[in-house]
Amino acid sequence: MRIIELSHQPVESKIALALSGGGSRAMAFHLGCLRALNETGLLNRVSVISSVSGGSVLAALYCSEPGDFSDFERKVREVLARGLVRPALMTALTTSEGLNAVAAASLLAVDRLAALIIRQILKLSRIPIGRNLKWLSRSLFRRWASRTTILRRTFSGLFNGRKLPELRSDRPKLIIVACELRAKAAFYFTAERLHCWRYGSADSSNVEIAHAVVASASYPVVLPALDELMTFEKEGKSMVRRVTLTDGGVYDNMGLAPLWPDRDLQISLDAGKFDRIIACRAGYGLEISDPAAFMPSRMIAAFESIFARSQNLTTKRLFDLKRAGRIEDILLPYLGQDDRRLAVPPEDLVTQENVAGYPTDFSAMPDEWIDRLSRRGEQLVHALLAEHWSDALPVKEVL
């Protein structure tokens, strides 16, 4: 008697995987999702991974670290247990990056203070501010160093200084998503090139993986945007552009932006061909927060409301595309999944209540939480596959 594994899906069927933002919480949850996909053999059929913020840290490790899946998982658990806050602090205190960040912040503070004083003098003197005095409204200096560049240097150590073209060729194509604030558009990092539809494409050969990851993960409330000059090619013309890059979640926290099948490939990044999308979502939960009594808390609550609505609309678009036949099928492992809707939940399910409220920062994560969050990701993927994608799983037949 021998066991043969057969798959009902044709070999040529490809899968795209999107990993949402959500800091270290997303890293742990997505780790469990990838573990389940690896156990079922579906991870080998993923042709492209699109990632944002915390999802980008995990995806970049998967697509760059040597070794097999167990080596990758061991590395991720070490990073989660250590966190990124203390290593970044050590980078600030022991390298020149900390002094550069202080110098840049001081110069910009003096620059803006001088602009404020001059504006007040002109206002009191009733002298009109001409359009040529742009310096009064925005600084002419670029912020060459900041907390974000400190984190970038920390990431550089994590990824051993590897550059984007050094991503593993035997792993899925990786698209790391950031947001370009000047153009208000998505900005993509790949092994082959950098791309923004407003500017065109730029060379990626000298861009570190760490640079792409920190651009994707620099949450604007905490970390300043990366401010730099890049040379782009568009319609046969070369042009130097100033770009300001922040967390890709500002544009699309689900990481699905480069995967939409109705994009115009004449201006958009070509993510390749795939039939199905797995969108792992570890963003906001359904918990109700405290009242927003003062302006800062009201503004944060307003931002989070828009942020949540955007993710819900993105999820709805997935279902609309499936109904329209533009996507063969979708799978949505969601950290905040309503467990009552699972058709085949495991008996030892890590429930929604057991993972609610974990923060999205990059502080050190206790082993208990790494196990809890990753276990829920693993269980949800297995449960959803059994319920919705049974045709995609290998079927064992006894002969």
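It should be noted that the structure appears before, not after, this text.
Residue positions within a chain follow its written sequence, with the count starting from 1. This being a predicted model, a pLDDT of at least 70 is required before a residue's local features are given, and a value of 80 or more before pairs of side-chain atoms are given or counted; all residues contribute to the totals for chains, interfaces and linings. Side-chain measures were taken over the full set of non-hydrogen atoms in the model, leaving aside hydrogen atoms and water.

S.K.: Tell me about the overall build of the chain, and please be specific about residues and values.
M.R.: Numbering goes from the N terminus for both helices and strands, where a helix is a DSSP run of H or I of at least four residues and a strand is a run of E of at least two. A tally of helices and strands in the chain yields 11 helices and 12 strands. For the chain, whose C-alpha radius of gyration is 23 Å, the value lies close to the compact-globule estimate of 21 Å for 399 residues. By principal-axis analysis of the C-alpha atoms, the chain measures approximately 95 × 55 × 45 Å. In this scheme, a residue with accessible area under 20% of its type's maximum is buried, one over 50% is exposed, and one in between is partly exposed, where area comes from a 1.4 Å probe on protein chains only. For the chain, the residues scored as buried account for 49% of the 399 residues in total. The contact rule is simple, with two residues in contact once any of their heavy atoms fall within 4.5 Å. The contacts of the chain with a sequence gap of at least 6 include a subset with a gap of at least 24, amounting to 77%. Carbon and sulfur atoms provide 56% of the accessible area of the chain, an area that totals close to 20,200 Å². Here the globule rule is a power law, 2.2 Å times the number of residues to the power 0.38, and the radius of gyration is based on C-alpha atoms. For the area figures, the Shrake-Rupley method with a 1.4 Å probe applies, and any residue is considered shielded solely by the protein chains shown.

S.K.: An account of the packing of helix 3 (residues 69-82) against helix 11 (residues 367-388) is needed here, citing residue identities and associated values.
M.R.: Across the interface, helix 3 lies against helix 11 with an axial gap of 10 Å and an inter-helix angle of 130°. Taken together, the axis directions place helix 3 and helix 11 in an arrangement best described as oblique. Read as a crossing pair, helix 3 and helix 11 show a hand that is right-handed. The segment helix 3 lies against helix 11, with R77, L80 and A81 engaging D367, I370 and D371. Fitting a line to C-alpha atoms yields each axis, with helices limited to the stretch in contact; the angle taken between N-to-C directions then spans 0 to 180 degrees. To sort the angles, those under 35 degrees are grouped as roughly parallel, those over 145 as roughly antiparallel, those from 65 to 115 as roughly perpendicular, and the leftovers as oblique. Crossings are classed by handedness, with left-handed meaning an anticlockwise turn of the near helix from the far one by less than a right angle and right-handed meaning a clockwise turn.

S.K.: Lay out the nonpolar core with the relevant residues and their values.
M.R.: Throughout, nonpolar core names a set of buried Ala, Val, Leu, Ile, Met, Phe, Trp, Tyr and Cys residues whose side chains join them through atoms within 4.5 Å. Among the nonpolar cores identified, the biggest contains 87 residues, and F155, F187 and F189 are the most heavily contacted of them. In terms of residues, this core owes the most to one element, helix 1 (residues 23-40), which gives nine residues. Apart from residues no more than four positions distant in its own chain, F187 is found in contact with I176, V177, A178, E180, L194, H195, C196, M230, F232, V243 and L245. Counting 23 residues, the second-largest nonpolar core is a separate cluster that includes V52, V177, A186 and A271.

S.K.: Go over a positive patch on the surface with me, naming the residues and quoting the values.
M.R.: Patches were defined on residues exceeding 30% relative accessible area and lacking a salt bridge, with like-charge contacts within 9 Å and nonpolar side-chain contacts (Val, Leu, Ile, Met, Phe, Trp, Tyr) within 5 Å. Criterion for a salt bridge: a side-chain nitrogen of Lys or Arg within 4 Å of a carboxyl oxygen of Asp or Glu. By the counting scheme adopted, Arg and Lys are positive, Glu and Asp are negative, and His together with the chain ends is not counted. By convention, charge coordinates are those of NZ in Lys, CZ in Arg, CG in Asp, or CD in Glu. The grouping of R138, R182, K184, R198, K234 and R241 at the surface amounts to a positive patch. Relative to the elements of secondary structure, R241 occurs in strand 9 (residues 237-247). The exposure class of R241 is partly exposed, given its relative accessible area of 31%.

S.K.: Hey, could you go over the packing of aromatic side chains for me, with residue numbers and the actual values?
M.R.: Within a pair of aromatic rings, the relevant descriptors are the distance that separates the centres and the angle that separates the planes. Side-chain rings of Phe, Tyr and Trp (the six-membered ring for Trp) are treated as a pair once their centres are within 6.5 Å; stacked means planes under 30 degrees apart, edge-to-face means over 60, and tilted covers the remaining angles. One pass over the full model with this rule turns up eight aromatic pairs. When the ring of F69 is compared with that of F72, the centres are 5.3 Å apart and the planes differ by 65°; the resulting orientation is edge-to-face. Pair noted here: F69 and F72 are both in helix 3, with a separation of three residues, about one helical turn. A relative accessible area of 11% means that F69 is categorised as buried. An aromatic cluster is defined as three or more aromatic residues linked by ring pairs; in this entry it consists of F187, F189, Y199 and F232. Above the ring of W369, the side-chain terminus of R372 is found at 4.3 Å from the ring centroid. Placement of a charge over a ring requires the Lys NZ or Arg CZ to be within 6 Å of the ring centre, with the centre-to-atom vector within 35 degrees of the ring normal.

S.K.: Explain the side chain of T154 to me, using residue names and the numbers behind them.
M.R.: Relative to the assigned elements, T154 resides in helix 6 (residues 147-158). Within 3.5 Å is the distance limit for a polar contact, defined as a pair of N or O atoms, with the added protein rule that one can donate a hydrogen and the other accept it, and that residues adjacent in sequence qualify only through two side-chain atoms. At a separation of 2.9 Å, a polar atom in the side chain of T154 contacts the side chain of T91. Side-chain polar atoms of T154 contact the backbone oxygen of I150, separated by 3.0 Å.

S.K.: Tell me what's going on with unusual backbone geometry, and back it up with residues and numbers.
M.R.: For S53, which is not glycine, the phi dihedral falls at a positive 50°. Mapped onto the fold, S53 is located in the loop between strand 3 (46-52) and helix 2 (54-62). With phi around 55°, K184 is a residue other than glycine that occupies positive phi space. Here K184 lies in the loop between strand 4 (173-180) and strand 5 (185-189).

S.K.: How would you sum up the packing of helix 6 against helix 7 (residues 209-217)? Please name residues and give values.
M.R.: For the pair helix 6 and helix 7, interaxial distance at closest approach is 8 Å and the crossing angle is 135°. In this view, helix 6 runs oblique relative to helix 7, as classed from their interaxial angle. The element helix 6 and its partner helix 7 pack so that their crossing is right-handed. Side by side, helix 6 and helix 7 meet where T148, L151, R152, F155 and S156 of the first sit next to A210, H211, V213 and V214 of the second. Three classes are used, and their members are as follows: Ala, Val, Leu, Ile, Met, Phe, Trp, Tyr, Cys and Pro are nonpolar, Asp, Glu, Lys and Arg are charged, and the others, Gly among them, are polar. Tallied by class, the residues present in the contact of helix 6 with helix 7 amount to five nonpolar, three polar and one charged.

S.K.: Tell me about the pairing of strand 2 (residues 15-19), residues and numbers included.
M.R.: Buried residues dominate strand 2, accounting for five of its five residues. Taking every second residue as pointing to the same face, both faces of strand 2 are buried, with I15, L17 and L19 on one and A16 and A18 on the other. Where strand 2 lies against strand 3, five bridges are found, and the strand directions are parallel. Across the sheet, the residue bridging to L19 is S51, located in strand 3. By convention, orient the strands away from the viewer: a clockwise path from the first strand over the helix to the second makes the crossover right-handed. Following the chain from strand 2 across helix 1 to the adjacent parallel strand 3, one finds a crossover that is right-handed. We call two strands paired when DSSP finds no fewer than two bridges between them. Relative to strand 10 (residues 276-280), strand 2 runs parallel, the two sharing five bridges. Of the residues in strand 10, the one forming a bridge with L19 is C280.

S.K.: An account of helix 3 is needed here, citing residue identities and associated values.
M.R.: Each α-helix turn comprises 3.6 residues. Residues three or four places apart therefore point the same way. Here helix 3 contains 14 residues, and its C-alpha end-to-end distance of 20 Å stays within 8% of the 20 Å for a straight helix at 1.5 Å per residue. Among all positions of helix 3, only F69, F72, E73, V76, V79 and L80 are buried. With its buried residues spanning 125° around the axis, helix 3 presents them on a single face. In the core, the buried residues of helix 3 are packed alongside helix 1, helix 2, helix 6 and helix 11. To estimate how far a helix should extend, the number of its residues minus one is multiplied by 1.5 Å. Note that the arc is computed from the directions linking the helix axis to the C-beta atoms.

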